[in-house]
Amino acid sequence: MFRVPAEPSGPLSDAWRHCVGTGRIELALRRDHQDSLKLLQREIGFRYIRGHGLLSDGMGVYRPYEWQGTRRVRHSFTYVDQVVDAYLELGIRPFLELGFMPAELASGEQTVFWWHGNVTPPRDIGEWADLVRATLTHLIDRYGLDEVRTWPVEVWNEPNLPDFWQGADEKAYHRLYEVTAGVVKEVDASLQVGGPAISPGADAWLDRFAEFAEQRDVPVDFVSKHAYTSGPAQHVPFGVHQTLEPAQHLLDQFATPRERLKGTRLAELPVHITEFNSSYRPDNPVHDTAFHAAYLAPVLARGGDHVDSFSYWTFSDMFEEAGPPTALFHGGFGLLTHRQVKKPTYHLYAFMARMGPDLLTRGADHLVTRHPDGRVTVLAWAPVDASGQTPGPSRHRLRLSVPVRGAQEAFARRSVVDEEHGNARIAWQRMGSPRSPGPHQVDVLHEAAEPGRQHLRLPVEDDRAVLDLTLARHEITLVEVTPVVEEAPEWWDERRLLGTGPR
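Heads up: these notes are all about the structure in this document. Each chain carries its own residue numbering, running from 1 in the written order of its sequence. Totals for whole chains, interfaces and linings use all residues, but because this is a predicted model, local features are given only for residues with pLDDT of at least 70 and pairs of side-chain atoms are given and counted only at 80 or more. Heavy atoms from the whole structure form the basis of all side-chain values; hydrogens and water molecules are not counted.

Comments concerning the sheet that holds strand β21 (residues 395–403)
Here is step 1 of the chain: In short, DSSP must find at least two bridges between two strands for them to pair. A run of H or I in DSSP becomes a helix once it reaches four residues, and a run of E becomes a strand once it reaches two; helices and strands are each numbered from the N terminus. Here we have three strands laid out as an open sheet, ordered β1-β21-β24, and mixed in their pairing. Each end of this open sheet is capped by a strand with a single partner; those strands are β1 (2–3) and β24 (464–472).
Here is step 2 of the chain: When β21 meets β24, the two strands line up antiparallel, connected through nine bridges. Bridging from a neighbouring strand, His396 pairs with Leu471 of β24.

Remarks on the pairing of strand β16 (residues 271–276)
Along any regular strand, the residues point their side chains to alternate faces of the sheet.
Here is step 1 of the chain: A simple rule labels every residue: compare its accessible area, found with a 1.4 Å probe on the protein chains alone, to the largest value its type can have, and call it buried under 20%, exposed over 50%, or partly exposed in between. Extensive coverage of β16 is indicated by the burial of six of its six residues.
Here is step 2 of the chain: In this sheet, β16 lies alongside strand β13 (residues 222–227) in parallel orientation, the contact comprising five bridges. When the sheet's bridge partners are listed, His226 is paired in β16 with Glu275.

Comments concerning the pattern of salt bridges
Here is step 1 of the chain: Salt bridges are identified by distance alone: a Lys or Arg side-chain nitrogen within 4 Å of an Asp or Glu carboxyl oxygen. Here the structure, examined in full by the defined rule, presents 42 salt bridges.
Here is step 2 of the chain: Linking Asp14 and Arg47 is a salt bridge whose minimum nitrogen-to-oxygen distance equals 2.7 Å. Within this pair, whereas Asp14 is found in the loop between β2 (10–11) and β3 (19–24), its partner Arg47 is found in the loop between α1 (31–43) and β4 (48–52), the two being separated by 33 residues in sequence.
Here is step 3 of the chain: Since its relative accessible area comes to 34%, Asp14 is described here as partly exposed.
Here is step 4 of the chain: A relative accessible area of 35% means that Arg47 is categorised as partly exposed.

Concerning the sheet that holds strand β22 (residues 409–417)
Here is step 1 of the chain: Pairing is antiparallel across the open sheet formed by seven strands, whose spatial order is β2-β18-β19-β20-β25-β22-β23. If you trace the sheet from one side to the other, it starts and ends with β2 and β23 (452–459), each paired once.
Here is step 2 of the chain: Two strands pair when backbone bridges link them, and β22 and β23 are joined in this way by eight bridges, in the antiparallel orientation. Bridging from a neighbouring strand, Glu409 pairs with Pro459 of β23.
Here is step 3 of the chain: Packing of helix α8 (residues 290–302) onto the sheet brings it into contact with β18 (358–362), β19 (366–370), β20 (376–381) and β25 (476–483), and relative to β20 it is tilted by some 135°. A contact between two residues is defined here by any heavy atoms of the two lying within 4.5 Å. Lines fitted to C-alpha atoms define the axes here, with helix axes fitted over just the stretch in contact, and angles between the N-to-C directions of these axes take values from 0 to 180 degrees.

Structural notes on helix α3 (residues 125–143)
Spacing of three or four residues puts side chains on the same side of an α-helix, whose turn is 3.6 residues.
Here is step 1 of the chain: For a helix, the expected span equals 1.5 Å multiplied by the number of residues minus one. Between the first and last C-alpha of α3 there are 27 Å, a value that for 19 residues agrees with the 27 Å anticipated at 1.5 Å per step.
Here is step 2 of the chain: Residues of α3 that are buried include every one of Glu127, Trp128, Ala129, Leu131, Val132, Ala134, Thr135, Leu136, His138, Leu139, Ile140 and Tyr143, and no others.

Focus on helix α5 (residues 170–187)
Here is step 1 of the chain: With 18 residues, α5 ought to run about 26 Å at 1.5 Å a step, and its terminal C-alpha atoms sit 26 Å apart, in line with that.
Here is step 2 of the chain: As for α5, its buried residues are in contact with β8 (96–98), α3, β11 (153–155), β12 (193–198) and α6 (204–216).

Concerning the packing of helix α7 (residues 248–260) against α8
Here is step 1 of the chain: Relative to each other, α7 and α8 sit at 30°, their axes nearing to 8 Å. Classified by the angle their axes make, α7 and α8 are roughly parallel. Facing α7, whose interface residues are Leu250, Leu251 and Phe254, α8 presents Leu296, Pro298, Val299 and Arg302.
Here is step 2 of the chain: Residues that form the contact of α7 with α8 fall into these classes: six nonpolar, no polar and one charged. For classification purposes, angles smaller than 35 degrees are called roughly parallel, those larger than 145 roughly antiparallel, those between 65 and 115 roughly perpendicular, and all remaining angles oblique. Residues were grouped as follows: Ala, Val, Leu, Ile, Met, Phe, Trp, Tyr, Cys and Pro as nonpolar; Asp, Glu, Lys and Arg as charged; and all remaining residues, including Gly, as polar.

Things to note about the nonpolar core
Among soluble globular proteins, nonpolar side chains are generally buried collectively.
Here is step 1 of the chain: What we call a nonpolar core is a set of buried Ala, Val, Leu, Ile, Met, Phe, Trp, Tyr and Cys residues that are connected through their side-chain atoms within 4.5 Å. Counting residues in hydrophobic clusters, the biggest one holds 116 residues, and the most contacted among them are Trp128, Tyr177, Phe276 and Phe310.
Here is step 2 of the chain: For Phe310, the residues in contact, after removing those within four places along its chain, are Ala15, Trp16, Cys19, Phe254, Ile273, Phe276, Val299, Leu300, Gly303 and Gly304.
Here is step 3 of the chain: Grouped together as the second largest cluster of nonpolar side chains are 21 residues, Leu360, Val368, Val376 and Leu398 included.

Examining a nonpolar patch on the surface
Here is step 1 of the chain: A patch consists of residues whose relative accessible area exceeds 30% and which take part in no salt bridge; residues with like charges are grouped when within 9 Å of each other, and nonpolar side chains (Val, Leu, Ile, Met, Phe, Trp, Tyr) when within 5 Å. Surface accessibility in these figures is a Shrake-Rupley result with a 1.4 Å probe; residues are shielded only by whichever protein chains are displayed. Nonpolar side chains collect at one region of the surface, where Trp491, Trp492, Leu497 and Leu498 lie side by side and expose about 580 Å² of accessible area between them.
Here is step 2 of the chain: Relative to the helices and strands, Leu497 resides in the segment after β25.
Here is step 3 of the chain: Residue Leu497 is classed as exposed on the basis of its relative accessible area of 54%.

Looking at empty space enclosed by the protein
Here is step 1 of the chain: Cavity means a closed set of points on a 1 Å grid over the protein atoms alone, one where a 1.4 Å probe fits but cannot get out, pocket means an open set with protein on both sides within 12 Å along at least 5 of 7 lines, and lining means a residue has an atom within 4 Å of a point. Grid points are joined across faces, edges and corners, and a volume is the space filled by probe spheres set on the points. Inspection of the entire model under this criterion finds one cavity of 30 Å³ or more.
Here is step 2 of the chain: Approximately 100 Å³ is the volume found for the largest cavity.
Here is step 3 of the chain: Forming the walls of the largest cavity are 14 residues, and the residues nearest its centre are Ile25, Leu54, Pro94, Phe95 and Leu96.
Here is step 4 of the chain: For the lining of the largest cavity, the secondary structure elements donating two or more residues are β4, α2 (78–89) and β8.

Topic: the packing of aromatic side chains
Each aromatic ring pair is characterised by the separation of its centres together with the angle its planes make.
Here is step 1 of the chain: Classification of ring pairs rests on two measures: the distance between centres of Phe, Tyr or Trp rings, Trp counted by its six-membered ring, which must be within 6.5 Å, and the angle between planes, read as stacked under 30 degrees, edge-to-face over 60 and tilted in between. Inspection of every chain in the model, using the stated rule, returns 26 aromatic pairs.
Here is step 2 of the chain: Each ring, one from Phe113 and one from Trp115, has its centre 5.4 Å from the other, and the planes form 35°; the classification is tilted.
Here is step 3 of the chain: Consider the rings of Trp156 and Trp165, whose centres lie 5.1 Å apart with planes at 70°: the pair is edge-to-face. For the residue pair Trp156 and Trp165, the accessibility class agrees, reading buried in each case.
Here is step 4 of the chain: Site record: aromatic cluster; members linked through ring pairs are Trp16, Phe46, Phe254, Phe276, Phe310, Tyr312 and Tyr349.

Focus on unusual backbone geometry
Here is step 1 of the chain: A cis geometry characterises the amide bond from Gly195 onward to Pro196, with omega recorded as 5°.
Here is step 2 of the chain: For Pro196, the position within the fold is in strand β12.
Here is step 3 of the chain: A cis amide bond, omega 15°, links Trp313 with the succeeding residue Thr314.
Here is step 4 of the chain: Tracing the backbone shows Thr314 in the loop between β17 (309–312) and α9 (344–353).

Examining the environment of Val460
Here is step 1 of the chain: Tracing the backbone shows Val460 in the loop between β23 and β24.
Here is step 2 of the chain: Separated by 115 residues in the primary sequence, Val460 and Thr345 have C-alpha atoms spaced 33 Å apart.
Here is step 3 of the chain: Val460 has contacts with Val404, Ala407, Gln408, Glu409, Ala410 and Ala465, leaving out every residue within four places of it along the chain.

As structure tokens, then:
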């Protein structure tokens, strides 16, 4: 049995809730997206949201035209305003990603995704600068300088990959970054700009980015990169399967920027992991499973030790990089399916949102915190084997002695997510995996998506209660422990409930 300290060792990092991902940001114009985000904010409460395509054709910002024989450009913000208004109304701010290239400003025709985001450099760097300047100036005019100063501005997405930046031309990216960062600071010197938003396996870009920034005296206010742990895709129709590295590899990737940037001008800057997940594919069934929640639990518990934020990619299955989903459960990135069906990993985040601000202890299978009112919260998980070679034990036992002050008994509320609880995918499979569930089926899935609940009363001795937890395979569990203040009247006797028993 592990004895949980009575006094905190410090604050619990909230880097896990600093930012969350979405697909291209124009999806925020849709009802399902806004309904999903409203639920997310009510039960979890992220601070920022990051998505692709702010400057892509779907947002309609860059609008060239001719008048009286002269080519001109109108910058239109009709959709930008609707998206940002929706975000702010729901208590979340944009983490601005500048990309992709408007087709009529692009130097080439290479695109990425089903929705054809152009990934070529601008044919006119001056017009690109004007586009960035106009966008930021408009946002400041509409939302106020003090507000927009809090919105990070990230230059492009994964330029180290040919799919996202034509030829993965590093010098061309540095040129784009230099011009863009200069415009950002021209608009207002306090705006935060950063990059290079690289994918896993390209850490040498960080070294050269730091060297470039120092040699050219280019402004950099934060460093960003992405983290995934999946291997090559094994394709099946409308899906993939992939191997996974242990979750520790995500934490190792989080730690890389600060390790590599030691001794450079960028060494002390904030580090943002602006995308992370297990698989980098939006059609990998592992995203929908209880395994996935248990797999990521230690990452949420410790990620803040290494970075200022790590942004889950993404909050919703309303996501069309590989085309519109063909089934309700299809391996999408989302914490939520379409129609707001919660996945097990959604509950991992919702459990984290109910943890206290004071960290009491952490272990390989648990995290314990305390609230200002004395409530102790325990997040526990059954360790998983990412190799898939061993099924793992069907039960995992954890015994904790937790501090409970000023009471003789404690009330414990336990919320459980595993293969049978809080796992709508299993119910969906048992009903035949309907691609388009009817209204009654959707109601059943919403019900199946809720965690199992237990309510216990525990004895307290010497200001301590013992939690003896047995976790099922792939389980995550949240236990909230509060002192009992008994207020039942002295004449109440449960034995007399039906009018019998002692008088």
